[in-house]
Structures are given as structure tokens and as C-alpha cells.
Amino acid sequence: MSEQVAPPPAPDAAQPPSAVQAPPPAEPQAEKSGSKKLLGIVGAIVVFLVVAGLKFGIGSAIGNFFNKDETAEAKAGDCIAELPEVTGTEEEKVDGAKVVECTSTDAVYNVVGRVDGQTQAQARSPEACGQYIKEGQEGYVYYSIEPGKTGYLLCLTKKA
């Protein structure tokens, strides 16, 4: 049996084309510069949003999102869950007031009126809910008004 040995290819001989060709080196550089541009644009937008948020009070908006006022949409005919007991002209800060179904056992107050665009001074006046609470009826005023701004007040009576 005879064996054959092929001589090594000459250094200047053409290589056979491979089945998989590598992309030209210019493409990865173009992709990197495109992604760098995109990161730069995204970074600029984030910086703009942070600066705008600080200037225009996004902290307050985020706080309101996480501490949602559950009575903000309350209207006459709705019911409110238990609130702290106050007497006379006392005032008490309330956290967690919420609108509930009037058939719920948590329903303690009926909303008999709502007044928007009120200041704290207007909400504290004896006339704030005068038109909604009948004479001889025990009434309560619940309001959500930031100092120096306007907000809403709810006129409440005990649920029968």
C-alpha cells in the first residue's frame, strides 16, 4: 500500500474561501458610535427630567401618587369610613380617610355636600357647610387643603 503526502501550500497561494465570513471591521465601530449617541440622548433626557422635576415639584407629585387622597373624588351621596371623634370647634389631622360603599359596615358618615375651591379659612368658618346640614343635625367638615392654596371640603353627617 502506498501513501501519498501533499506538499505544504506555498505562502503566496490563495486560500480557499471560508463558508462563514466575518463582518467588515467598520460595522462594529459604527454600531458602537450609534449606541453611544443613543446613551447620550437618553442621559440628556434623564438629566432634563430631573432638573424639571426639581424645579416644578415632581417630588410633590410623587408624594401624592404614593399617598393618594382617597376622598379626592368624593361627592354627595358617598359614604366615608370612620374618622377620629372631634367635638365642638376642635380640629384633628386625619390620615387614611377613604370613601366606602354605603352598605359597608365601615361606612360611618354620609357626604351631604362638597365645596371645591376653598381656602383653609373658608373651610374653618361656621358657614362652610351651612347649606348642606339641616338645623339640629350634627354635622362635620372634612377638608383637604394645602396651606396657602385652595382645595375641597366635604360636609358630613353621621350615618343613621
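Now for a look at the structure at hand. Since the model is a prediction, treat every value here as computed from it, not as a measurement.

**Points about the pairing of strand E3 (residues 107-118)**
A regular strand carries its side chains on alternate faces of the sheet.
Right, so step 1: Of the strand pairs in this sheet, strand E1 (residues 79-81) and E3 are connected by three bridges, and their pairing is antiparallel. Bridge assignment links Ile-80 to a residue of E3, and that residue is Tyr-109.
Right, so step 2: With eight bridges joining them, E3 and strand E5 (residues 151-158) adopt antiparallel strand pairing. In the strand pairing of E5, Tyr-109 is matched with Lys-158.

**Focus: the sheet that holds strand E4 (residues 139-144)**
Right, so step 1: Strand order in the open sheet made by the five strands is E2-E1-E3-E5-E4, with antiparallel pairing throughout. Single-partner strands in this sheet number two, and they are strand E2 (99-100) and E4.
Right, so step 2: In this sheet, E2 lies alongside E1 in antiparallel orientation, the contact comprising two bridges. Directly across from Ile-80, in E2, lies its bridge partner Val-99.

**What to know about the side chain of Gln-118**
Right, so step 1: Tracing the chain through its elements places Gln-118 in strand E3.
Right, so step 2: In this structure Gln-118 comes out as buried when scored by relative accessible area, which is 13%.
Right, so step 3: Each residue touching Gln-118, except ones within four places of it in the same chain, is listed here: Ile-145, Lys-149, Thr-150, Gly-151 and Leu-153.

**Some remarks on a nonpolar patch on the surface**
Right, so step 1: Together, Leu-38, Val-42, Val-46 and Val-50 make up an exposed nonpolar region whose accessible area comes to about 340 Å².
Right, so step 2: Looking at the secondary structure, you find Val-50 in helix H1 (residues 26-56).

**As for the environment of Pro-84**
Right, so step 1: Position of Pro-84 among the secondary structure elements: in the loop between E1 and E2.
Right, so step 2: Along the chain, Pro-84 and Asp-95 lie 11 residues apart, while their C-alpha atoms are 9.8 Å from each other.

**Looking at the environment of Val-99**
Right, so step 1: Examined against the element boundaries, Val-99 turns out to sit in strand E2.
Right, so step 2: The exposure class assigned to Val-99 is partly exposed, which follows from its relative accessible area of 32%.
Right, so step 3: Counting along the chain gives 17 residues from Val-99 to Glu-82, while the straight-line C-alpha distance between them is 9.9 Å.
Right, so step 4: For Val-99, the contacting residues outside a window of four places in its chain are Glu-70, Thr-71, Ala-74, Asp-78, Cys-79 and Ile-80.

Rules used throughout
Residues numbered from 1 in each chain as written. Predicted model: local features only at pLDDT ≥ 70, side-chain atom pairs only at ≥ 80, totals over all residues. Heavy atoms only, no water. Pairing = 2+ DSSP bridges. Helix = DSSP H or I, 4+ residues; strand = E, 2+ residues; numbered from the N terminus. Buried < 20%, exposed > 50% of the residue type's maximum accessible area, 1.4 Å probe, protein only. Contact = heavy atoms within 4.5 Å. Patch = residues over 30% accessible without salt bridge, like charges linked within 9 Å, V, L, I, M, F, W, Y side chains within 5 Å. Areas by Shrake-Rupley, 256 points an atom, 1.4 Å probe, with all protein chains shown as cover. Salt bridge = Lys/Arg side-chain N within 4 Å of Asp/Glu carboxyl O.

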